[in-house]
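Examination of the molecular architecture
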Amino acid sequence: QVQLVESGGGLVQAGGSLRLSCAVTGDIFSINVMGWYRQALGKKRELVAGISSEGTTNYADSVKGRFTISRDNAKNTVNLQMNNLKSEDTAVYYCNANGVRTVRARDFDVWGQGTLVTISS
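Cut-offs used in this document
In this convention, every chain numbers its residues from 1, walking through the sequence in written order. The predicted nature of this model means local features are confined to residues of pLDDT at least 70 and side-chain atom pairs, given and counted, to a pLDDT of 80 or more, with totals for whole chains, interfaces and linings taken over all residues. Side-chain calculation: all heavy atoms of the structure are included, whereas hydrogens and water are not. A pair of strands is treated as paired once DSSP finds two or more bridges between them. The secondary structure listing takes helices from DSSP runs of H or I that are at least 4 residues long and strands from runs of E that are at least 2 residues long, numbered from the N terminus. Interaxial angles span 0 to 180 degrees and are taken between N-to-C directions of axes, which are lines fitted to C-alpha atoms, for helices over the stretch in contact.

Quick notes on the sheet that holds strand β3 (residues 18-26)
An order of β1-β3-β8-β7 is seen for the four strands of this open sheet, with the pairing classed as antiparallel. Looking at which strands have only one partner, the edges of the open sheet turn out to be β1 (2-7) and β7 (67-72). Averaged over all neighbouring strand pairs, the angle between strand axes comes to 15 degrees, with direction disregarded. As judged from the six bridges shared by β7 and strand β8 (residues 77-82), these two strands associate in the antiparallel manner. Paired with R71 across the strands is V78, a residue of β8.

Right, dumping it as structure tokens:
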């Protein structure tokens, strides 16, 4: 199995910063894209940022210039540095990773349990 463990959520004032981390463990041969999604109360889950195995990144327009996604391929981790946080960034943030398992070369696409980020104004 492949599992994702997230950390780093919490409560911060508007204008502050938080760093989310996600570790991918288990039966992993390779990881393709890793990303962070978020879901605010009453809204659909949306992509915040993604990063390929080569380091190509993409961001939601709402976070460009404020959030930075990075990954450590040796450690199978992905981080999201969030700066200048706004009240509208309040949401549950989910880590996602897809790739290939070592056993029978099966694909995987897994989600973390989610971590709550609350921005107070």
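Here's the deal with the pairing of strand β5 (residues 46-51)
Summarising the sheet, strand β4 (residues 30-39) and β5 pair through five bridges and their orientation is antiparallel. Looking at β5, one finds that W36 is bridged to A49. Hairpin geometry of β4 and β5 is characterised by an intervening segment of six residues between the two adjacent antiparallel strands and by a positive phi of about 80 degrees at G42. Note that β5 and strand β6 (residues 57-59) share three bridges and pair antiparallel. Along β6, the bridge assignment pairs A49 with Y59. A loop of five residues connects β5 with β6, the two strands running antiparallel in sequence, and G55 in this loop sits at a positive phi of about 100 degrees.

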